Amino acid sequence: MKASELVHSAQRGDAEAFGELMKACQEKCYRIAYSYVKNREDALDVVGESVCKAYVNLRTLKNPEYFNTWLIRIVINEAVNHVNKSRRVARTASVNRAPVQQDVTQAIEAIDLHEAMHCLNQNQKTVIILKYFEDLPLTQIADIMQRPVGTVKTYLHGALQALRLEVKEVIP
Amino acid sequence: MSNSIDELKTAYDSVPMPENLNVIVSNAIKRGKIAVRNRRTKIGYVIKALSAIAAVFLVFVTALNVSPAFANTVEQLPGGKIIVKLVTVVVDTATIDSKRIGVQDAWETLQENLTVDLYQGDEAAATAGHFTVTKRTHPYSIEVSLAGVRAFSAANALPDLSKMRLFDDIYRLIPLDDSTDRFVITFTERVVLQYSAQPNPARLIIKVKDDRKATALSPATAPSTFPFYSLRTSSLPFGEEVGGAESMMRVELGSENARILRDDSGLYLAEEGLYATLAEAEARLAAVKQNANFTYELHIEKRISGATPRMISP
């Protein structure tokens, strides 16, 4: 069954069809969530919450072809909310967070660059993830971020500059 | 730079997938299903509750408008008067309606109803009390005397009779005494009349049908088109003078049919009687002038049946 047909079925209340859709994109959702929260448990929380929200609000999706775009938007919003909430909790409790557990053992060689991503703001980080990691075109990124393409380009330019600067500092 | 991004992408793609990702997603879908069900149930409850409230309100408003007794009971409750005032539909202090009946007859009959609300002071009267209806001709009219009712709605807000075909005019008369009120309703033609009183609140319901069918079937009963002669006062404003003239006609002249009418200018006149010929009217006028106790100047007016009296200046 085509993705759009699965979406139609899911919108009519077919939970199995929704499960099929999620099987196809749950890993992508997890990666995106992980790249924001950098923590396995938090990333799973974000994915769980996003899937639940997507199921509840699936009827509001007017064009089934944009299911992926719509779902990524939910995951990113949920991840950003999660990060902001964690920051607030940390500030309120005045407790330093424990160092983030690095599951990316296979990517040790890229650890400095990965950390360089921390200096990016949420919009810049979103553009880098969607453009270079998920290989999405700028128009689709603009849809996900609900910003004009020009603004997305500005975010991208700023992100690349910041990364270059950061990389220069980290890697002499 | 491109290499750096490639390295980042490699790290991104190498993020190990947790084994329980499938379980997390399945559980999330289950939670979603429950949330959807709960939301539907909640919406259902809200709709049911709103429907129930609307139904109760509708019944309450209908009862207030249909049952005067219920409205009176509610008014006795604290704040009840305001509630009744807010939800009671008041079209006018007097309501009117008309309809055509007997469409299969060659003489389609027109029926019109007039409902007159009765008040005691500012309050709606509970019962109409004793009332009398006197039918008159030239013009076709009824005079309604109400005992124990100090006012009727038309005294303050006259119903608009402009769209009525059988009802011509309604006006109040000077009361004969402190406990009686009177009003006159004139008709545009001869009518078949039915009237009744309704309590709580007190209302007079006057139903009239045109009399054209009877007239057509029995020409002998048709209203006369010959002129007649009215012995009357000049036109006077609504007040004691015209009331006094009417009383004097009854007391001093023994004119049982003396009455007050409104002329075509809206002023009032006291009419002593109607006479078939001018000679009869002149003879009666001469007799009246002999009565020293009757001080009002009278005039002879020639009218035809159904016509409104003309204005005659003093």
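Calculation criteria
Residues numbered from 1 in each chain as written. Chains lettered and ligands numbered in written order. Predicted model: local features only at pLDDT ≥ 70, side-chain atom pairs only at ≥ 80, totals over all residues. Contact = placed C-beta atoms within 7 Å. Helix = DSSP H or I, 4+ residues; strand = E, 2+ residues; numbered from the N terminus. Nonpolar A, V, L, I, M, F, W, Y, C, P; charged D, E, K, R; others polar. Axes fitted to C-alpha atoms, helices over the stretch in contact; angles between N-to-C directions. Left-handed = near helix turned anticlockwise from the far one by under 90°.

K.L.:
When you look at the interface of chain A and chain B in this model, what are you seeing that I'm missing?
P.N.:
How big an interface is tends to be stated in terms of the accessible area lost upon association of its parts. Between chain A and chain B, the contact holds 32 residues from the first and 25 residues from the second. At the level of secondary structure, the elements contributing two or more residues to the side of chain A that touches chain B comprise α2 (15-37), α3 (40-56), α5 (111-116), α6 (122-133) and α8 (149-170) of chain A. In terms of residues, the side of chain A that touches chain B owes the most to one element, α2(A), which gives ten residues. Of the residues contributing to the side of chain A that touches chain B, the split by class is 20 nonpolar, six polar and six charged.

K.L.:
Sorry if this is basic, but what is going on with the packing of α3(A) against helix α2 (residues 21-66) of chain B here?
P.N.:
A pair of packed helices is captured by two measures, namely the crossing angle of their axes and the spacing between those axes. At their nearest, the axes of α3(A) and α2(B) sit 8 Å apart, and the two run at 35° to each other. The interaxial crossing formed by α3(A) with α2(B) has right-handed handedness. Side by side, α3(A) and α2(B) meet where Leu44(A), Val47(A), Gly48(A), Val51(A), Cys52(A), Tyr55(A) and Val56(A) of the first sit next to Ile24(B), Val25(B), Asn27(B), Ala28(B), Ile29(B), Arg31(B), Gly32(B), Lys33(B), Ala35(B) and Val36(B) of the second. Here the residues of the contact of α3(A) with α2(B) are counted per class, giving twelve nonpolar, three polar and two charged.

K.L.:
Where do I start with unusual backbone geometry in this structure?
P.N.:
One can expect most non-glycine residues to show negative phi and most peptide bonds to be in trans. All names here are of chain B. Cis geometry marks the peptide bond from His138 to Pro139, where omega comes out at 0°. Position of Pro139 among the secondary structure elements: in the loop between β4 (131-136) and β5 (141-147). Asn200 connects to Pro201 through a cis peptide bond whose omega is -10°. With respect to the secondary-structure elements, Pro201 resides in the loop between β9 (191-198) and β10 (203-210). In the Ramachandran plot, His138 falls in the positive-phi region, its phi being about 55° despite a non-glycine side chain. Relative to the helices and strands, His138 resides in the loop between β4 and β5.

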